[in-house]
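# Structural overview for review
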Amino acid sequence: MINYLLPIVAVLIGFIIVYFLKPENQRNIKILLSFSGGFLLAITIFNLIPEVFTHIDVQNSKYVGLFILFGILFQIFLEYFSKGAEHGHVHVHADQKEFPWLLFLSLSIHAFLEGFPIHKTHGLLLGIIIHKVPVAIILATFLIRSALSKSYTLIFMLLFALATPLGSFVAENFSVITTYYTEITAVVVGIFLHISTTILFESSEGHRFNLAKLAAIISAITLAYFI
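Residues numbered from 1 in each chain as written. Predicted model: local features only at pLDDT ≥ 70, side-chain atom pairs only at ≥ 80, totals over all residues. Heavy atoms only, no water.

## Focus on the packing of helix α2 (residues 26-54) against helix α9 (residues 211-226)
In the contact formed by α2 and α9, the axes pass within 8 Å of each other and the chain directions differ by 35°. Every pair of crossing elements has a handedness; the one defined by α2 and α9 is right-handed. Facing α2, whose interface residues are R27, K30, I31, S34, F35, G38, F39, A42, I43 and F46, α9 presents A212, K213, A216, I217, S219, A220, I221, L223, A224 and Y225. In terms of residue class, the contact of α2 with α9 is built from 14 nonpolar, three polar and three charged. (Axes fitted to C-alpha atoms, helices over the stretch in contact; angles between N-to-C directions. Helix = DSSP H or I, 4+ residues; strand = E, 2+ residues; numbered from the N terminus. Left-handed = near helix turned anticlockwise from the far one by under 90°. Contact = heavy atoms within 4.5 Å. Nonpolar A, V, L, I, M, F, W, Y, C, P; charged D, E, K, R; others polar.)

In structure tokens form, the structure reads like this:
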């Protein structure tokens, strides 16, 4: 049950922070985003990648690698529609009044897929929660500041929050997912690799050294190692 509830809570925490506290210091949010990127990358390398290669022989390693590469390419494709919201970039026009369907669908597909390996991969739930909070803060900030109605904003955030638990539910209850679990998880690995490395590459604005962000990334990797 906790696998279903905590991803929802993470998104709601991000929304509540924006709605009630109205944070103006984007620097702190970016540091939190850097921490989440470092943690997600470390969990992917320490836990998720070994898992997808555990149940195959060496001769099939390229087969799994193809799905990882597909995950990277698929995430790049999704970002044509989300404009990089998964790693902190949201482009909602201030005068936009219609529901941003492309943004919603691309984010929901990403969130749905990341829910698949949660119940089998140690530490991944925490990684997704840490990743979702800053993304939810950034997403809620732009939605609230746009011309979208409050009801549209609430519906967007609620459905986005439900996407990851839905992915976990499907993975646990549909046999076809179990049959192709390794392949689907490899796709998720590719998605996580792209998102986390993009966050880390973008954490140095203008390629300038930022000690706070570096410390956040190192702390995240260290925490992930000992989990």
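## Section: the side chain of S168
Within the element layout of this structure, S168 appears in helix α6 (residues 150-173). Among the residues examined, S168 registers a relative accessible area of 1% and is labelled buried. Not counting the four nearest positions on each side in its chain, S168 is found in contact with Y4, G115, F116 and I118. (Buried < 20%, exposed > 50% of the residue type's maximum accessible area, 1.4 Å probe, protein only.)

## Thoughts on the nonpolar core
Among the nonpolar cores identified, the biggest contains 59 residues, and L107, L124, L139, F156, M157 and F192 are the most heavily contacted of them. Elements supplying a minimum of two residues to this core: α1 (2-21), α2, α3 (61-82), α4 (101-114), α5 (124-145), α6, α8 (181-202) and α9. Here the element with the most residues in this core is α5; it accounts for 13 residues. Once residues within four sequence positions are removed from consideration, F156 is found in contact with F99, P100, L103, F104, L107, L139 and L143. V170, A171, I177 and I184 belong to the second-largest nonpolar core, a separate cluster that totals five residues. (Core = buried A, V, L, I, M, F, W, Y, C linked by side-chain atoms within 4.5 Å.)

## Some details on a nonpolar patch on the surface
Taken together, the side chains of L12, I16, Y19, F20, L21 and I144 define a hydrophobic patch exposed on the protein surface, amounting to about 590 Å² of accessible area. Looking at the nonpolar patch, the element that brings in the most residues is α1, giving five residues. Within the secondary structure, F20 sits in helix α1. (Patch = residues over 30% accessible without salt bridge, like charges linked within 9 Å, V, L, I, M, F, W, Y side chains within 5 Å. Areas by Shrake-Rupley, 256 points an atom, 1.4 Å probe, with all protein chains shown as cover. Salt bridge = Lys/Arg side-chain N within 4 Å of Asp/Glu carboxyl O.)

## A few points about α1
Here α1 contains 20 residues, and its C-alpha end-to-end distance of 27 Å stays within 8% of the 28 Å for a straight helix at 1.5 Å per residue. Listed in full, the buried residues belonging to α1 are N3, Y4, P7, I8, A10, V11, G14, F15 and V18. Buried residues of α1 fall within an arc of 150° about the axis and therefore sit on the same side. Set apart from the buried face of α1 by more than 90 degrees, the exposed residues are I2, F20 and L21. Buried-residue contacts for α1 involve α5 and α6. Positive phi shows up at K22, right after α1, with a value of about 50°. (Expected span 1.5 Å × (residues − 1). Arc of directions from axis to C-beta.)

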